[in-house]
Structures are given as C-alpha cells and as structure tokens.
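As a plain string of letters, each chain reads:
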Amino acid sequence: QVQLVESGGGLVQPGGSLRLSCAASGIIFRHYGMGWYRQAPGKQRELVAGITQFLTTNYADSVKGRFTISRDNTKNTVYLQMNSLRPEDTAVYYCKVNGPTEYWGQGTQVTVSS
C-alpha cells in the first residue's frame with residue numbers, strides 16, 4: 001500500500017520559484033532512491049532530478065543550476081526546489097520511487113507563465 005502525495009505545484013511567473021514536496025508512505029523510505037519527472041503537453045515524460053538512498057543526485061541538463069532535489073528521511077519526503085523558472089518548465093511533475101517496483105505520485109501541475 002504505497003502512496004506518494006505531492007504538493008507545492010501551481011502557477012508562477014517566469015523567474016519565480018516553487019518547492020514541490022512528495023510525502024511517501026508504505027515503504028521504508030530511506031531504502032530507496034526517489035525521482036522527479038515531468039511531462040509537458042505533447043512531450044514524453046522525462047527525468048528531472050533523482051536522489052539515491054545515499055544522497056547522490058542527478059539532474060537533467062535543462063534544470064541544472066536551477067533545481068535542487070533533496071530528501072528528509074525523518075519525514076519520508078522528497079523535495080524539488082525549483083528556481084528561475086521558465087515557461088518551458090511548465091509540465092505535470094511526478095514523484096517516483098526508484099525501486100524494483102515503480103510507484104508514482106499523482107502528478108502536480110506546474111505552470112510558468114506571465
């Protein structure tokens with residue numbers, strides 16, 4: 001009974017910031033890597049950022065230097081801090097457990113527009 005609950009999405013102006021949160025339950029959170037993915041209209045879902053159980057991080061080239069993924073194992077939560085947002089960042093953002101079984105969050109809309 002794994003559940004990933006996201007929050008923090010919304011409408012923001014270009015150059016603005018948002019912080020997405022994904023709270024996990026039903027797993028031993030600290031044992032798994034986590035990832036943030038996004039899917040824009042008409043495009044394939046892509047990896048935005050990942051963080052392993054060892055706190056190693058990786059980012060898509062398009063977000064390097066702007067986004068930061070982090071996790072708080074005491075809260076079973078992974079975060080995506082998004083700064084300097086651009087219109088092309090507009091997408092549905094999904095949280096995923098990076099394990100043998102893939103569990104996805106419900107997706108949260110991020111819209112960057114003036």
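Up top is the structure.
The structure reproduced in this document is the subject of the present report. Keep in mind that what you see is a predicted model, and the values were worked out from it rather than measured.

Topic: the pattern of salt bridges
Next up, step 1: Tallied over the full model, the rule gives 5 salt bridges.
Next up, step 2: The closest approach of N and O atoms between Arg38 and Asp89, which form a salt bridge, is 2.9 Å. One end of the pair, Arg38, is in strand 4 (residues 33–39); the other, Asp89, is in the loop between strand 8 (77–82) and strand 9 (91–98), with 51 residues separating them in the sequence. Here Arg38 matches Asp89 in class, with each residue buried.
Next up, step 3: Its salt-bridge partner being Glu102, residue Lys96 comes within 3.7 Å of it at the nearest N-O pair.
Next up, step 4: Owing to a relative accessible area of 8%, Lys96 belongs among the buried residues under this scheme.
Next up, step 5: A relative accessible area of 48% places Glu102 in the partly exposed class.

Remarks on the environment of Tyr59
Next up, step 1: Tracing the sequence through the fold places Tyr59 in strand 6 (residues 57–59).
Next up, step 2: The exposure class assigned to Tyr59 is partly exposed, which follows from its relative accessible area of 21%.
Next up, step 3: Linking Tyr59 and Gln1, residues 58 residues apart in sequence, is a C-alpha distance of 29 Å.
Next up, step 4: With residues up to four places along the chain from it excluded, the contact list for Tyr59 reads Val48, Ala49, Lys64, Phe67, Thr68 and Ile69.
Next up, step 5: A distance of 2.9 Å separates a polar side-chain atom of Tyr59 from the backbone nitrogen of Ile69.

Calculation notes
Residues numbered from 1 in each chain as written. Predicted model: local features only at pLDDT ≥ 70, side-chain atom pairs only at ≥ 80, totals over all residues. Heavy atoms only, no water. Salt bridge = Lys/Arg side-chain N within 4 Å of Asp/Glu carboxyl O. Helix = DSSP H or I, 4+ residues; strand = E, 2+ residues; numbered from the N terminus. Buried < 20%, exposed > 50% of the residue type's maximum accessible area, 1.4 Å probe, protein only. Contact = heavy atoms within 4.5 Å. Polar contact = N/O pair within 3.5 Å; in protein donor to acceptor, adjacent residues only side chain to side chain.

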